[in-house]
Each structure stands twice: as C-alpha cells, then as structure tokens.
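The chain contents come next:
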Amino acid sequence: MSFRTHTVTEYVEDVSPGSGALPPRAWYASSDAPSLSLNGIWRFRPSPTADAEDDSFAAQGYDAADWAQLPVPGHWVLQGHGSPIYTNHLYPFPVDPPRVPTENPTGDHLRVFDLPEDWPDLAEGGAVLRFDGVESCARVWLNGADLGTFKGSRLPHEFAVGPLLKPAGNVLAVRVHQWSAGSYLEDQDQWWLPGIFRDVTLLHRPAGAALDFFVHASYDHRAGTGTLRVDSDVDGRITVSELGIDIATGESATVPVEPWSAETPRLYEGTLATAGERVPLRIGFRTVELSDGLIEVNGTPVLFKGVNRHEWHPEKGRALDLATMREDVLLMKRHNINAVRTSHYPPHPAFLDLCDEYGLWVIDECDLETHGFTEQGWRDNPVDDDRWTPALLDRASRMVERDKNHPSVVVWSLGNEAGTGRGLTAMAEWIKGRDSSRLLHYEGDPTCRDTDMYSRMYADHAEVERIGRALDGGGLKRRRLPFILCEYAHAMGNGPGGLADYQRLFETYDRLQGAFVWEWIDHGIAHPELGFAYGGDFGEELHDGNFVCDGLLFPDRRPSPGLVEYKKVIEPVGIAGDCGESTVRITNKQDFAGLSALAFSWAYEVDGEPVDSGDLPVPALAPGESAEVKLPAPPAGAPTGEARWTVRAALAADTPWAPGDHVVAWGQVPVSRRRVPSVAATARPVPGDGVISLGPGTFDARTGALTAVGDVPVSALRLDVWRATTDNDDGAPWQPDQRYGLLWRKLGLHRMRHRLDAVETGEHTLTVRTRVAPAARGLGLLTEYRWLSDGDRLRLTVSTVPEGDWTVPLPRLGIRFALSAADGVRWFGGGPGEAYPDTKAASAIGRWRSTVDELQTPYVRPQENGARGDVRWAELGGLRVEGDPAFWLTARRWTTEQLDAATHRSDLVPGPASGSGSAAAVWVNLDHGQHGIGSQSCGPGPLPRYRLRVEPAEFSFVFSTVADPGSG
Ligand code: GAL
C-alpha cells in the first residue's frame, strides 16, 4: 500500500497555471472606483516544507498574534527569514519536472483588514483582489473561503471576492511556496527570492465597470493622422478632448496628431466611460511594422540603444517602489538610452507607465526561462511538452493583456533561453492572434520560426558585421529579417570594452537595429560586513558567485564607468573634427527628433584650461543629416600650448528627465599637438654614503633603486606587468577567445622576479639593468632604467626587450612605486573617469582633480580599476610626473596583489603590503600600455587592436617636486 502524504499541496507540483483566478485583463487605475492597498505589515509564519502546517490559519478567528510581522511587498529571505540563493542557469534543486524538493520553504501570510468607511455598499457591484507578483506559487483564502492557487511569479492574478467581503475584520490568508512546478519556467539568471513582492490591492468593481479594453492607436506617417479605436468588454464612450474625439467603444476616429516615439513621447489624455466607471487613458499614436526587412515605427527604421533591465534594489530585491522605478528611467534617459528589454519577465506595471511618459522603446518579455534543461541536452524541456502549454499560454496572455495599452511596448518577447519547442510556437501564435500591432522577439531559436527579428546575444564584432552585410547564412526566413543583439557588452566588473566598435557597426549597416547591454544593474545585496553580497555569500550549495553583479549601475544605483562610456558611445548627436580644422562636423543621430531641444556651445582650451567659450550656432538638422559647422577664430592672445576645442550639446531647457544644462553629447577637436617634455642631461651622478644623487634624485648605491625625489620619499619603483584580473580578463568558460586572466596567472605574471644585473653610472646617467621574469619559465623582459637630470627634474627612460616565447599579451606595462602619503591628485589628460584602451570614448582631455580615494571604482568584486588615460602630467603626494609619451595613471591605497586577493570591497584596507617592509600608503602605477577590457565574462575578448602585444618598448617619465595639491 502506498500513501501520497501531501495531497493538500498537489497544486504546487501541478503543471497547470492554477485555478480560481479571473481571466487576465488590462491593468489600469480607475478614476472613480475606489481601491484599497493591502500593502503593509502582515503576519508571517515560515515553515520548512509545503505541508508542515495545516491550513487552519485561513479560517476566521485564527490567532496569529505570535507570528512574525512582515512588510508586504517583500521577499521573506531578505527580511530575516531564510536566505537568498543565486544561480545563473542551474536549478538549485534536482531536475525532475514537475516535482520539487520536500524542503520547500513556505510562508503563511495573514492580514486582517476593514473596508474604508466610504467603501461602496457591498451589495453594489463586486470587488477584485489583485496580486501583482508572488514568487513562485500561492494559495489564497478570504474569510475562510478557498479562492484558488496560482503560479507565474511576475504576472498579475485576480480573484473575484465581492460576495465574501464584510465591512470589517476580513481575513486574507496567503500561503506562498518557494518552489513549485512554476519554478521550472522561471530559471532566469538572478536570485531566487520567494515572497509577495509586488502590490496586493482590493479593487471595487461597480456595476457596469469596465472590465478589459484594448486601445488601438496607430499613426499614418504619410497623412500625419492617428486612428483611435478602443475595444472594450463593456460598452462605453471614448473621449479625447484635446483631439475633439468623442466616440463609442468599438468605433474609430482618424484625426491629425503628433505621433508617439521614444524621442518624442507625445501622450494624449483620454477617458473611457462605461456605465459604472471612468478610466483614464494615456494614448500614444504609433505604428510598428516590419517593412523591407526593417523594424519601422511610424515609417522610420529605429536604432535601439538599449539595456536589459532586471528589477533590482540592494535591500528590497525585486520589490521595487515607484521612486526606484522612476530613478531607473531618469538614469536611462540621462545616459542617452532609448530602449529597454524587460529581462526576463514583465516588470511592475508602473515601470511601463514611466516608459510611456518619458519615452523608452520597450521589449516586454514574458516570465519564462528553462535554461537549466540545457544540462540534459534539453530533455524534458517544458516548452516542448504539450502538458505545459496551458501554463505557457497563461503566461503569454497575462503579459499581453496586462500591458497591451502601453505605447512604449513595441515588441513582445516570448521569454529567454528556453530552447525551442511547440509551446513557444503556441505562445507566438496566440500573441500574434491577439495583437497584430506589435512585433515578436525570441532569441533562442536560430531559425527565427516564430519571430519578426533575428536576435542574438554576445556575438562578436566580426560576426555582427557579417550579419550587417547579410553574409551570415541562415534560412530563407532569417535572411530577410532585421537583426538585434538582445544582449551584448557584458557589464560585469570593469567594462564592458568595445562598445564604440559595436556602435560603429550599428550605425553603418541598416540591418543592425541596435542592441541591449547586459545588464542595467548589479544585483548585489546590501550586507553589513561585506558591503554588497553576491552568490555564495549566503552559504548556497550551488551558486555562480559574482556573475550576478554585471550591471552598468552599482547595486546602489551609482553609475559605473561602463554607463558613462555607453552614454558617450550612443550620443544622439555626433560631434567630431580633425586636428587643425576650423570646422566641426555635427550629425543628428536621432531617428525622429530635430536638434531644436539642444543648445550647442564651444570652449577653447589650452593645456586643458578653458580660455574662452561661447555659443555655437548649429543649423536645423533632420534625423540622419550632418553639417560642417564653422568654429570661431581662436581667441586672440590665447597662451601657446596644447590647444583644443570642446563642443557640447546640452538641453536648451528643462525636460521632465533632466535640467536645462544637462550635456547629452560632446566632442573635442585638437588644434595643436602636445609638446613632449625635454630634460637636458646636465647633472652628474654624485656618489655618497651608500647613495647616489642625480639632480633631485637619491638612489640606493647598491641596487640603483630610487629612494627620493627631492624631499619626497619614493620606494619600490620598478617595472610592473600585473593587474588584478578583471572579470573580463578571467572570462567565462564557454567563450571561444583566450582567457588571458587564467593564462597570465598560469605563466606567473603575478609573481615576477626582478634580477639585478648592473648599476652603472656614466657622466650624466645612472643606468640600472635588470631582467624581469616569472619562476619556472624561460621567458622574461630585459629591462633597463636610465636616469638623467638637468638639476631640477629627473628623467627616467625605461626600455624593455622581451626574451623567450611569449604567447600572451601583457596585462599592463609600466612602472609602479609607493609614496608614503598622497591624497589630492591633479592631472592633465583623460578624465574625469576611468578609462582603458577599449573603454576610452568618454574620457575627455582636460585638467582634472580628484583624490586617491575617489579614483577607485567600487566594483563589487574588487579588480583592476581606476586608470585615467592619455595623462600628460599628474601631481600627487608632492611629486609631479610628466610622461613621454602620455601614460595611464592609477593610484590606490593597496597593492595590486591585495586588490587581486580581495573578494569584497571590505577586504580592501589601506596600509603597506604585508611583508613589503615599506610604510607606503599609496601605490602609483604609471603605465605605458594596458591590455584592453573586452567583454569576455560572457562575450568576446578585446579586439586584437586592443591587446597589449609583447614587443620592445621604451617610455619616459620626468619627475620633479611640486606643492602637494592636498585633498584635491
Ligand atoms: C545570458 C542570459 C542572461 C544572463 C547573461 C549573463 O545568456 O540571457 O540572463 O545570464 O547571459 O550574465
């Protein structure tokens, strides 16, 4: 005889989407029907299995006084009950669909509520209880009545509750299970976070209320007219007073309108009035079509400059408040981003309202990923198993019905990384049948069977170019489709590199309609000891470490250098010119808008200091047009030196997303070249007591090591080739490029030995000959340091000659040394932010000031960071350094070795390197070369031209003393 012991929880492992919920419909806020938010403090009882407790708590009169209190919305594992788990694609439980583990953390939630005094008479109309998001499976009772169960974590579910309501003492009971059959469909790369994480709302539904409605608002770009028709389950009238529209539901009206686009998000306020309520409408007229193989909106092909956005808050997880959603949208707009893929589930609906209002193209993606089945060759994949198709269709319809009235949503996406199968086709067919006004996306099927665009992730530049030229093969259908990279430029840690090189391709080939950076924000969890925690920090059995921190924003929403770089690369206006030219080329790179919202200005700078500035009149340019715009004559009496124009395009007036002086684009045009520093070799080396002096330099006579410049002590100056490998250096196992981070370490580049061969004094020089090489290898770098001085300044020339068989590029090539103290830093060169060879577009040549602490970029997992590029000279700690040629400047309060060993920011403690014997407080790297960054933590490595090739090199620095700039 066998018993099934947990029949009460059979719904948990049932492939069906649930039972008892109302059919999906549009999400809207009524103008006059009241609603009651049930967010707030609930009673909460966690239990370790789905059936540990009986359901008696759902009955009226149950005493939950000894239960915990829990804010809803939230995820209980971030609220002191249990722990979050991070996996990329591995299911954190045995794969045996639809079964889930017996250990199934379950949270019983209880809330007792009264209806507001002014709540309409209960006999009139009904009421609906709405859950906007619960992970992953819930069972609901109201006043003891079993309402049903549901799955589909990031989708709304409603229950009819009218007859159950009482004026006071309503008992709402919700049992939430972390794992369910639905978990197999929700294998997105993110934290597993159970809970009621979006709003819970009670909506009054008056008799004659609108139920569901579909706003069809198209735009005819030839006629300049919009056509509006609202189909509604309940008859009513549609008014748009600004357009003089007053029609019945189901009727259409065509009138002249301004179209909606992400660049010009024109919305018209309207109303749907049924017998029972009034519903506000925000109507954007636009037509999306596939035309001649291109994605067109309002007759114009669009270029997506996008990001993938997961919902994330470092304390609240995916339980975002409106202010955080708005902050995301404002940050996107301010960084020139025009498109969002809602990876990999429909966001909180309020986010889409913001996209309508501020203007962002949206790919709305369904809550579906089954990536973990790849581990078994996709056997048992739910999307290819008819038993799961109702659940898939339920998800598709809940997304489309909820979000169909948003003009910002231009593309529906079936989901992410779910392989291929009949279920996906069923979803696509259903969506196309329900809404033919939008295009369809899915990346996982290279044949593009169900989709309107060819989409890929992480293709390298060369392949993207082949696709742009339509030389990529593929079936007949795919060859005719436009192309997007739904993910590229993996923003994990330092990077992504190569953005500008991709953007050039997108702007060159029509078929390439843009791309979406992976991803918007690091999903670090605020942690009292670690700063931000990532996978493994909660003792997970399986985890994927800091792969969850791969965003353009740090977890606290501070923009990373990657976002600053992206903003520059996707500027809506191109500003460029050649050295010495008297004009600057201005290009309107937008798809719809002219330049009238922008004010252009010029500044004339000498050696990085502004000498004069003024307005730059720029002619009106239609999208795609460019003009050579005359620059003024260089200001009379300007000092001589390295001169350049900086031309900026700023908002001419305040906009809803940024103030009037916000710079959207800039460019620099050099006028004259830099003069490199020269030092006459006039001073002679003078031997002393164990030291040699040469001009301001003091050296150890035995080792030839520099010990001071004037009165500034300097220690441990020597060649340096190592950097604390970045996530992109280390690379992902599945990427085809060489994983140099691993190869460098294998070769021993992190433990180079310096052999002293000779210390030689000449008439005017001190020369130190060395060989720098790792143990166990035959290769090395013959390195010579040659010093000379004019009495005031000290010039070092380093030359390196590689020996042996080098099969990898170098991480960096330069010198490093320690200063006993430094705080403020000033420099003339690239800034203000971090730059590496393939992340340098946003680095503007100028005079910059910072502090050693502010030079650090707070990557969640510490790694090489903070370099400033093209530095002509820098001053810190009382030392001035001029470079010949310009150099990369890095300064930090710990060594590269300490940075390399750190796993969290909290590991980085200022002080001397252990065992260095040095009291050094600040380590300075002056680099002649840096290896590129690339995007290999998930995509391709740096392009060959950004690799730091091992070849003979020579570079110089001129040292002198200077007043310490203090604290910047
Ligand atoms: C993609 C996936 C994303 C994320 C990314 C790596 O394959 O679609 O969800 O995992 O890789 O960060």
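Parameters at a glance
Along each chain, residues carry numbers from 1 onward, in the same order as the chain's sequence is written. Totals for whole chains, interfaces and linings use all residues, but because this is a predicted model, local features are given only for residues with pLDDT of at least 70 and pairs of side-chain atoms are given and counted only at 80 or more. Hydrogens and water molecules were not included; the side-chain quantities draw on all heavy atoms of the structure. Helix and strand assignments follow DSSP, with helices taken as H or I runs no shorter than four residues and strands as E runs no shorter than two, numbered in order from the N terminus. Two things to know: the radius of gyration comes from C-alpha atoms, and the globule rule equals 2.2 Å times the number of residues to the power 0.38. Relative accessibility under 20% of the residue-type maximum defines a buried residue, over 50% an exposed one, and the middle range a partly exposed one, all with a 1.4 Å probe and only protein chains included. A pair of Phe, Tyr and Trp rings is counted when the ring centres sit within 6.5 Å of each other, with Trp represented by its six-membered ring. The angle between the planes then sorts it: under 30 degrees is stacked, over 60 is edge-to-face, the rest tilted. Note on definitions. A residue lies near a molecule or strand when any single heavy atom of the residue is within 4 Å of it. Contacts described as polar in this section are N or O atom pairs within 3.5 Å, which, within protein, must combine one atom able to donate a hydrogen with one able to accept it, while residues neighboring in sequence count only if both atoms come from side chains. Each accessible area value is a Shrake-Rupley result obtained with a 1.4 Å probe; residue values ignore everything except the protein chains displayed when judging cover. Note that patches include only residues with greater than 30% relative accessible area and no salt bridge, and the join distances are 9 Å for like charges and 5 Å for nonpolar side chains (Val, Leu, Ile, Met, Phe, Trp, Tyr). Salt bridges are defined as contacts in which a side-chain nitrogen from Lys or Arg sits within 4 Å of a carboxyl oxygen from Asp or Glu. Residues counted as positive are Lys and Arg, residues counted as negative are Asp and Glu, and His and the chain ends are not counted. Lysine's charge is taken at NZ, arginine's at CZ, aspartate's at CG and glutamate's at CD.

**Some points on the overall build of the chain**
Okay, step 1: A tally of helices and strands in the chain yields 11 helices and 58 strands.
Okay, step 2: Taking 968 residues into account, the globule formula puts the C-alpha radius of gyration at 30 Å, and the chain, at 31 Å, falls close to it.
Okay, step 3: Its C-alpha atoms put the chain at 105 × 75 × 55 Å along the principal axes.
Okay, step 4: Looking at the 968 residues of the chain, the share that counts as buried comes to 61%.

**Description of the packing of aromatic side chains**
Okay, step 1: Scanning the model with the defined rule gives 38 aromatic pairs in all.
Okay, step 2: Measuring from ring centre to ring centre gives 5.6 Å for Phe-57 and Trp-67, while their planes differ by 40 degrees; the resulting arrangement is tilted. Taken together, the residues Phe-57 in the loop between strand 3 (40–49) and strand 4 (68–72) and Trp-67 in the loop between strand 3 and strand 4 connect sequence positions 10 residues apart. The pair Phe-57 / Trp-67 is uniform in exposure class, with both members buried.

**Considerations on unusual backbone geometry**
Okay, step 1: Put simply, Glu-135 and Ser-136 share a cis peptide bond, and its omega is -5 degrees.
Okay, step 2: Its location among the elements puts Ser-136 in the loop between strand 8 (134–135) and strand 9 (137–142).
Okay, step 3: Looking along the chain, the bond that leaves Trp-518 and enters Glu-519 is cis, with omega of -5 degrees.
Okay, step 4: If you trace the backbone, Glu-519 turns up in the loop between strand 33 (512–517) and strand 34 (525–527).
Okay, step 5: Unlike most non-glycine residues, Asp-292 shows phi in positive territory, near 50 degrees.

**A look at the site of the ligand**
Okay, step 1: The immediate surroundings of the ligand are formed by 13 residues, with Asp-189, His-344, Glu-417, Glu-487 and His-490 found nearest.
Okay, step 2: Take Asn-416: an N or O atom from its side chain is 2.8 Å from an oxygen atom of the ligand.
Okay, step 3: Between an oxygen atom of the ligand and a side-chain N or O atom of Glu-417, the distance comes to 2.6 Å.
Okay, step 4: Surface burial for the ligand is 95%, taken as the share of its 310 Å² of free accessible area covered by protein chains.

**As for a positive patch on the surface**
Okay, step 1: Residues Arg-718, Lys-746, Arg-751, Arg-753 and Arg-777 make up a contiguous surface patch of positive charge.
Okay, step 2: By the element assignment, Arg-753 lies in strand 48 (residues 752–761).

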